[in-house]
Amino acid sequence: SLATTTTTRKNVGTSKKLALCATTAGLSLSAFAKPASAAAAAAIAINAGDTAWILTSAALVLFMTIPGLAAFYAGLVKRKNLITVLGQCFALTCMMTIIWFVCGYSMSFSTAGIFGTAAMKEGATGVSAFIGGLDKMFLAGVGPMSMHETIPEILWVLYQCTFAIITPALMVGSMVERMKFNAVMLYCALWSFAVYFPACHMVWAGAGGYFADLGVLDFAGGIVVHITAGIGALVAAIKVGKRKEMEMTVGNLVLTFLGTAMLWVGWFGFNGGSALSAGANAAFACMATQIAAATAAVTWTLWDIKEFGKASVLGTCTASIAGLATITPMAGFIGPKGAFLGGIAAGLICRFFSTTVKEYFGYDDALDVFGVHGVGGFLGTIMLGVLCHPSLGGFNDVPMLKQTIVQVYAAVATAVYTAVASYACLLVTEKITNGLRVPAEAEESMLGLDDYSHKESAYSPMK
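Peer 1: Any details on the nonpolar core? Residues and values, ideally.
Peer 2: Among the nonpolar cores identified, the biggest contains 121 residues, and Y73, W100, M179, Y187, Y196 and F270 are the most heavily contacted of them. Every residue in contact with W100, bar those within four places of it in the chain, is listed here: Y105, S108, F109, V157, Q160, C161, A164, Y196 and F197.

Peer 1: So, the packing of aromatic side chains: which residues are in play, and what are the values?
Peer 2: For the coordinates displayed, the defined rule picks out 21 aromatic pairs. Ring centres of W267 and F270 lie 5.6 Å apart, and the angle between their planes is 55 degrees; this geometry places the pair in the tilted category. Remark: F270 and W267 occur in helix α8 (residues 253–272); sequence separation between them is 3 residues, near one turn of the helix. Taking relative accessible area as the criterion, W267 reaches 2% and is therefore assigned buried. Taking the relative accessible area as the measure of exposure, F270 reaches 1% and is therefore buried. Put simply, the rings of W100, Y105, F109, W156, F193, Y196 and F197 touch in pairs and so form one group of aromatic residues. Cation over ring: R79 sits above Y459, and NZ or CZ is 4.8 Å from the ring centre.

Peer 1: Hey, could you go over the layout of surface pockets for me, with residue numbers and the actual values?
Peer 2: Its boundaries defined by the atoms lining it, the largest pocket holds a volume of some 610 Å³. Lining the largest pocket are 24 residues, and of these S354, T355, K358, E359 and D368 sit closest to its centre. Among the elements of the structure, α9 (280–308), α10 (313–327) and α11 (336–361) are those that each provide at least two residues to the lining of the largest pocket. Here the lining of the largest pocket takes 6 residues from α11, the largest share from any one element. Of the residues belonging to the lining of the largest pocket, the class tally is 9 nonpolar, 6 polar and 9 charged. Of the voids in this model, the second largest pocket is the one considered here, and its volume is about 520 Å³. For the second largest pocket, the lining is made up of 24 residues, of which H148, E149, W156, W204 and L276 are closest to its centre. Top contributing element to the lining of the second largest pocket by residue count: helix α4 (residues 153–175), with 5 residues. Looking at the lining of the second largest pocket residue by residue, the classes come out as 15 nonpolar, 5 polar and 4 charged.

Quick notes on the rules
- Residues numbered from 1 in each chain as written.
- Predicted model: local features only at pLDDT ≥ 70, side-chain atom pairs only at ≥ 80, totals over all residues.
- Heavy atoms only, no water.
- Core = buried A, V, L, I, M, F, W, Y, C linked by side-chain atoms within 4.5 Å.
- Buried < 20%, exposed > 50% of the residue type's maximum accessible area, 1.4 Å probe, protein only.
- Contact = heavy atoms within 4.5 Å.
- Phe/Tyr/Trp six-rings, centres within 6.5 Å; stacked < 30°, edge-to-face > 60°.
- Helix = DSSP H or I, 4+ residues; strand = E, 2+ residues; numbered from the N terminus.
- Lys NZ or Arg CZ within 6 Å of the ring centre and 35° of its normal.
- 1 Å grid on protein atoms, 1.4 Å probe; cavity = no way out; pocket = protein on both sides within 12 Å on 5 of 7 lines; lining within 4 Å.
- Points joined across faces, edges and corners; volume = space filled by probe spheres on them.
- Nonpolar A, V, L, I, M, F, W, Y, C, P; charged D, E, K, R; others polar.

Shape is all these values report; function is a separate question.
What follows is the structure, encoded as structure tokens:
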């Protein structure tokens, strides 16, 4: 109508006047505003809630390794080898932090080509689809204005650093009570370059990553963390050989219980933090984490009762970790029903591999890294193709069969590559350290590896 047209023109005229005034004011204040303008823009882009949640999650995931994983493993070995396990987990935390800062982050998340190769590009299967460049060495280019989605990039670096720490630390459990300290450290360092950084890049570096382009889903590390660590641990256990006394002698079950509790709590940062936002996705991931861990623990314990007539605290602790490992790739893609089904599967299948399969083949995966993490990560990665479908309460509308085929391919390919690369790393380590194992007398000594490796003991003699 004419009235509407007149009103609109008046509003336009008023807007022009206001814009002119604002522009004049802006020009007159520009000299004072320039130094803070970039910082203000970055502050607007940063989401305070998301940043606070990922800061918390980074602390939680670090807490999973020290003291969580360290305590969990240390309680499961003989008392004479307790300090060695604690020392390896702590030393790996320090070593992996430095490697991540120097070049690990760049090789995992840079989209630039390495050694002059073409940059990462969606749909292209060049070198950069498998490994990142070196342009971000020593965190070059990561400054106060750098962003990763809604959080500062430096926080993304820190958060992912905690994943790079715990993944090789998981492998320690398969090598306890017979592998030399320097051999463990060198193997884990070489393994990170050969296995972890490429796996991380292929899955999580974004469009142009080999697995990312295939549509592979891995919410928090079923492939990147658990399959790689599980297979690397199995190969190491076989290569190093069996312990002189192969049976598990639990040195301090209380310590293992406390370590389990720390891992369970920390896993909220592991899975919930992988949403990279403080919202519904993180909440669903945390709920799935809780349900899967609890369901796996109950399932495993019921089987223990059926078989032995008693509930085992050690079995329940191990089962909860199996549930947590299994839910890791699925956490943000499935609903509560899927988490419940995943927990049942973890309790049954991980227990079967940790007991029956291990006894049948006779390998000495001392603390069941392969049976819990390797099998759990593999199981969760494959089940994800089905459980993430909306018909089962999931959040992915890709057809079940199509997604499952992609998931199976990624899991198998990662396992095969990791096995070959891990063996190669062990051969190099063996050559450099003049053998992987401690001397037989150190292993059989009453003082154990604690005395051989560190000249220390967890328990002082009574006076």
